[in-house]
Amino acid sequence: GLGSGLEGVFGLLLKPTDWLSIGAVYRTGANINVNGHLHILQTPVPAIPAGFDAASDYKQDFPLPPTWGIGIALKPIPKLTVAFDAQGTDWTVMKTEIDYHNQRVGFPLPNINQKLYWNISWRYRTGLEYRLNDRWTFMAGYMYDENAIPDNASSMTTTSGLIFSVVTLGARYGWGRWEFTLHANTHRYYERVEHRSIGGTDYMFGLGLGYHF
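Residues numbered from 1 in each chain as written. Predicted model: local features only at pLDDT ≥ 70, side-chain atom pairs only at ≥ 80, totals over all residues. Heavy atoms only, no water.

Colleague: Lay out the pairing of strand β10 (residues 120–131) in plain terms, naming residues and giving numbers.
Modeller: Pairing between strand β7 (residues 80–90) and β10: 11 bridges, direction antiparallel. Paired with alanine 86 across the two strands is tyrosine 124, which belongs to β10. Pairing of β10 with strand β11 (residues 136–145), which is carried by 9 bridges, proceeds in the antiparallel orientation. When the bridges of β11 are listed, arginine 125 appears paired with methionine 143. Where β10 folds back onto β11 in an antiparallel hairpin, the turn is made up of 4 residues. (Pairing = 2+ DSSP bridges. Helix = DSSP H or I, 4+ residues; strand = E, 2+ residues; numbered from the N terminus.)

This is the structure we're talking about:
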């Protein structure tokens, strides 16, 4: 499918002193109008001898939720910057609305118009940056991201119903116009499915190379 939409973004940045910055942003969200083609083919297998072959053009209204955020950055000393921010996402607008040109009653091509009853979620982040000198900069951060999907709507196939806790460490080295970066992240995540917690831990490492023209 291919779709498009229009979103408005409004922001404000205040810098009352050299050591304090305050910012806020609001994104209106949008409705993405998607047009596409779906083809479902079930080949016969021993357990399911009778397969099906169905295809149809479709239209889908996909909501892009509105978001908002507020943040603050402090410089207690010239070399150190400490930042905090909170971001909200209004997932209550989420729905599944699909109209098939070749509609069929029941599986696999029924028209769908269903509200998902998700919640507003919040993401909280804090981080610091220390510029040791003109070449070396060190960074660290933490993020907590809430789950927007209610417990009774979560399942093993729900990819957006996770609660995240992320810790990040990084370093940057500048050499003339060149810049080298290194970062390491650890992600702890879990979701509640039928009143049970399922989760895990991931690790991420990255290297970066940049040149300033």
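Right, picking up where we left off after that structure.
Colleague: Kindly report on the environment of valine 166, identifying the contributing residues and their values.
Modeller: For valine 166, the position within the fold is in strand β12 (residues 163–175). By relative accessible area, valine 166 is classed as buried at 8%. Considered as a pair, valine 166 and asparagine 185 are 19 residues apart in the sequence and their alpha carbons are 6.9 Å apart. In this structure valine 166 touches Gly141, Tyr142, Met143, Thr186 and His187, once residues within four positions along its chain are discounted. (Buried < 20%, exposed > 50% of the residue type's maximum accessible area, 1.4 Å probe, protein only. Contact = heavy atoms within 4.5 Å.)

Colleague: Lay out the environment of threonine 126 with the relevant residues and their values.
Modeller: Mapped onto the elements of the fold, threonine 126 is located in strand β10. On the basis of relative accessible area, threonine 126 is assigned to the partly exposed category, the value being 31%. The residues contacting threonine 126, other than those within four sequence positions of it, are Ala83, Phe84, Ala140, Gly141 and Tyr142. In terms of polar contacts, threonine 126 uses its side chain to reach the backbone carbonyl oxygen of alanine 83, at 3.2 Å. (Polar contact = N/O pair within 3.5 Å; in protein donor to acceptor, adjacent residues only side chain to side chain.)

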